[in-house]
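Topology and contacts: notes
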Amino acid sequence: MSNRRRAALLAAACSMGLVAGLASVARAETLADALALAYQTNPTLQGQRASQRVTDEGVVQAKTAFRPTLNASADATWSRTDLANDQTYINGAGQVATRDHTTGSGSGASLALTQPLYTGGRANANLTAAEADVLAGREDLRSVEQSVLGNVIQSYVDVRRDQERLRIAQENVNVLTRQLEESKARFEVGEITRTDVAQSEARLASAQASLSSAQAILAASRAAYAAVVGQNPTDLAPEPSLAALLPSSVEQAFDLVDQNNPSIQAARYAEQAAAARVAAAKAAFLPTVGARAGLDADATRTNGTGRDFGDYNRGYTASITASVPLFTGGLNSSQVRAAKERENAARIAVEGAQRQALQQISTAWNNLLASRANLVSNEEQVRATRIAFEGVRQEQQVGLRTTLDVLNAQLELANAEVALVVARRDEYVASASVLQAMGVLNVANLAPEVPRYDPVKSYDKVNHAVGWVPWEPVVRGIDKVGAPSPVLKKAPEASTPAAGK
């Protein structure tokens, strides 16, 4: 973590309730600004994108089963043998000589090209599984993106809620301070008793304690905002309405969940990957065919005589090899059974993901309805409580109400205003939760002007890297002959609630 980022987080934690916020290099003034910054810099989201790029490489690695491999090797050797008895020999001058050791040296090189021709369908099955893994990973990435954006929305409205709480608490302290001054003045002229003054003092002390608590809560919310967004909040603008993105009925929400929820789509792709791996396990019973071409060269010298460097013996080889497993001790059968059980587990996981998604959308929708009703009730409560407070103050001035009545009315008004602020926050978070459960809480809907990360671009970049050969499609076609070849089914494009209306 950089020093600037660490300092920003520390400032968020230590700024006890400062509404204006501390200065920083960049500031998120609106919800769209906060979403954009988190979308580009949030470490959780960045890490998931990196993990997805790792998954993309699985497709490239699976395709290498259709491609040739070329290996080269070279070696140079030297040896010496000490003789038990001297050995006589004719030297280069034609004279008889003796020696007590022999030496030898050699060098060689080889070049081998290997091309798989048929794997019983295993290569095709592994490729299908890798492609399904990529699609499942993209849905997982979409799920993480939704989670991060949901956290941004919640932290944004939490800060705004707690800023309003602090404002209400400060206004309450100001009103009670004036009330105490008025009570002291009336006590001095004998209109009220010492008890009334003590009541005003006690209520003011309670309000000051509530103010300190509001400052601490705001500081915590600011720290949470800085952690997810990446910078301190300032005077945040009102959040935009999400009504245009919400479905018109719970039935429409249920319909959109099945085609949009990333957890369901990821589970479906995982099931397809598991089915492809069953086909790969079954392919182990089928024969494999491969071709090999080689070039070998070597030269040896003994006691200084023989072929010189560069004067090599050369050999050329070409072969086509077919092999079929006859007995593996039950290994292949066991692997097939295990793959089938993994497929069963993946199929069950789809049902589990659907049930969980339906539970989430049902809970989120009912929370939204409840929060909307609560919001309407709190708005009416604030309106009525404000009228009651003004009436009690006026009645107190003519002696019809006591100081305690005014203090209670002020407390009720402050509590009603806080409840309204909380209700507005809860209604907005509930709306975002509905969108997240449906799978449409994305930056395209929330901040369409922000450049979006496209995982397809990074996939295409590695998928078309060096390694492809012109005859690869032919080998893939041969590999499908007589072998189980699962078909990858892509989910339909996600639709927004607006499109479904």
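Residues numbered from 1 in each chain as written. Predicted model: local features only at pLDDT ≥ 70, side-chain atom pairs only at ≥ 80, totals over all residues. Heavy atoms only, no water.

On to the overall build of the chain. Each helix and strand in the chain was counted, giving 13 helices and five strands. Every one of the 501 residues in the chain was classed for burial, and the buried ones make up 39%. Residue pairs at least 24 apart in sequence account for 84% of intrachain contacts in the chain once pairs closer than 6 positions are excluded. If you sum the accessible surface of the chain, you get close to 26400 Å²; carbon and sulfur atoms cover 55% of it. (Helix = DSSP H or I, 4+ residues; strand = E, 2+ residues; numbered from the N terminus. Buried < 20%, exposed > 50% of the residue type's maximum accessible area, 1.4 Å probe, protein only. Contact = heavy atoms within 4.5 Å. Areas by Shrake-Rupley, 256 points an atom, 1.4 Å probe, with all protein chains shown as cover.)

What follows concerns helix H3 (residues 43-63). The end-to-end C-alpha distance of H3 is 31 Å, a good match for the 30 Å that 21 residues give at a rise of 1.5 Å each. In this structure, the buried side of H3 is in contact with helix H2 (31-41), helix H4 (122-188), helix H11 (455-463) and helix H12 (472-479). The distance from a side-chain oxygen at the start of H3 to the backbone nitrogen of Thr44 is 3.0 Å, and the residue carrying that oxygen is Asn42. (Expected span 1.5 Å × (residues − 1). Polar contact = N/O pair within 3.5 Å; in protein donor to acceptor, adjacent residues only side chain to side chain.)

Side chains of Leu70, Leu111, Leu113, Leu295 and Tyr316 sit close together on the surface and give an oily, nonpolar patch of about 500 Å² of accessible area. Turning to its location among the elements, Leu295 is positioned in strand S3 (residues 288-302). Given the relative accessible area of 34%, Leu295 is considered partly exposed. (Patch = residues over 30% accessible without salt bridge, like charges linked within 9 Å, V, L, I, M, F, W, Y side chains within 5 Å. Salt bridge = Lys/Arg side-chain N within 4 Å of Asp/Glu carboxyl O.)

With that settled, consider helix H7 (residues 262-282). Between its terminal C-alpha atoms H7 stretches 30 Å, which fits the 30 Å expected from 21 residues at 1.5 Å a residue. Its side-chain oxygen 3.0 Å from the backbone nitrogen of Ser263, Asn261 forms the N-cap of H7.

This part covers the packing of aromatic side chains. Each aromatic ring pair is specified by the distance between its two centres and by the angle formed by the two planes. On inspection of all chains with the given rule, the structure shows one aromatic pair. Relative to Tyr225, the ring of Tyr156 lies with its centre 6.4 Å away and its plane at 45 degrees, an arrangement referred to as tilted. Taken as a pair, Tyr156 in helix H4 and Tyr225 in helix H5 (residues 194-229) lie far apart in primary sequence, 69 residues in all. The same class applies to Tyr156 and to Tyr225, which are both buried. Cation over ring: Arg138 sits above Tyr459, and NZ or CZ is 5.2 Å from the ring centre. Over the face of the ring belonging to Phe66 we find Arg476, whose NZ or CZ atom lies 5.5 Å from the ring centre. (Phe/Tyr/Trp six-rings, centres within 6.5 Å; stacked < 30°, edge-to-face > 60°. Lys NZ or Arg CZ within 6 Å of the ring centre and 35° of its normal.)

On to the nonpolar core, then. Ranked by internal contacts, the top residues of the largest apolar core, which has 62 residues, are Ile153, Val434, Leu435, Met438 and Leu446. In terms of residues, this core owes the most to one element, H4, which gives 14 residues. Apart from the residues lying within four places of it in its own chain, the contact partners of Leu446 are Leu35, Leu149, Ile153, Leu242, Leu245 and Leu441. (Core = buried A, V, L, I, M, F, W, Y, C linked by side-chain atoms within 4.5 Å.)

Oppositely charged side chains can pair when the atoms bearing their charge come close. Inspection of every chain in the model, using the stated rule, returns 21 salt bridges. We note a salt bridge from Arg167 to Glu164, for which the minimum N-O separation is 2.8 Å. Of the two residues, Arg167 and Glu164 both sit in helix H4, three residues apart, roughly one turn of that helix. On the accessibility criterion, Arg167 (35% relative accessible area) is partly exposed. Among the residues examined, Glu164 registers a relative accessible area of 28% and is labelled partly exposed. Glu171 is paired through a salt bridge with Arg167; the nearest N and O atoms lie 2.9 Å apart. With a gap of four residues between them, Glu171 and Arg167 both fall in helix H4, about one helical turn apart.

What follows concerns the environment of Leu166. Relative to the assigned elements, Leu166 resides in helix H4. Assessed through its relative accessible area of 6%, Leu166 is described here as buried. Here the alpha-carbon distance between Leu166 and Leu211, two residues 45 residues apart in the chain, equals 6.5 Å.

Attention shifts here to the side chain of Ser200. With respect to the helices and strands, Ser200 occurs in helix H5. Judged by its relative accessible area of 0%, Ser200 is buried.

Two packed helices can be described by the angle between their axes and the distance between those axes. The contact between helix H6 (residues 250-260) and H7 brings their axes to 6 Å, and the two run at 40 degrees. Between H6 and H7, the interaxial angle falls into the category oblique. Between H6 and H7, the contacting residues are Val257, Asp258, Gln259 and Asn260 on the first element and Pro262, Ile264, Gln265 and Arg268 on the second. Considered class by class, the residues forming the contact of H6 with H7 number three nonpolar, three polar and two charged. (Axes fitted to C-alpha atoms, helices over the stretch in contact; angles between N-to-C directions. Parallel < 35°, antiparallel > 145°, perpendicular 65-115°, else oblique. Nonpolar A, V, L, I, M, F, W, Y, C, P; charged D, E, K, R; others polar.)

Taken together, the side chains of Glu29, Asp33, Asp235 and Glu449 present a region of like negative charge at the surface. Looking at the secondary structure, you find Glu449 in the loop between helix H10 (443-446) and H11. You can call Glu449 exposed: its relative accessible area is 55%. (Lys, Arg positive; Asp, Glu negative; His and termini not counted. Charge placed at Lys NZ, Arg CZ, Asp CG, Glu CD.)

Of the residues in the chain, 89% have a pLDDT of 70 or more, and the chain-wide mean is 86. Segment residues 1-28 is flagged for pLDDT under 50; beyond a separation of four residues in sequence, or across chains, it makes 48 contacts in the model. (pLDDT = per-residue confidence, 0-100.)

Once that is clear, we can look at the side chain of Ser221. With respect to the element layout, Ser221 can be found in helix H5. Filtering out sequence-adjacent residues up to four positions away, Ser221 remains in contact with Asp158, Val159, Arg161 and Asp162.

The subject of this paragraph is the environment of Ala384. Note on placement: Ala384 falls in helix H8 (residues 331-397). Distance in space between the C-alpha atoms of Ala384 and Leu413 is 9.0 Å, their sequence separation being 29 residues.

We now examine the packing of H6 against H8. Two numbers describe how H6 lies on H8: the axes approach to 10 Å, and their chain directions differ by 150 degrees. Regarding the angle of H6 to H8, the classification is roughly antiparallel. The element H6 and its partner H8 pack so that their crossing is right-handed. Touching Val250, Ala253, Phe254, Val257 and Asp258 of H6 are Gln354, Ala357, Leu358, Ile361, Ser362 and Trp365, all from H8. Looking at the contact of H6 with H8 residue by residue, the classes come out as eight nonpolar, two polar and one charged. (Left-handed = near helix turned anticlockwise from the far one by under 90°.)

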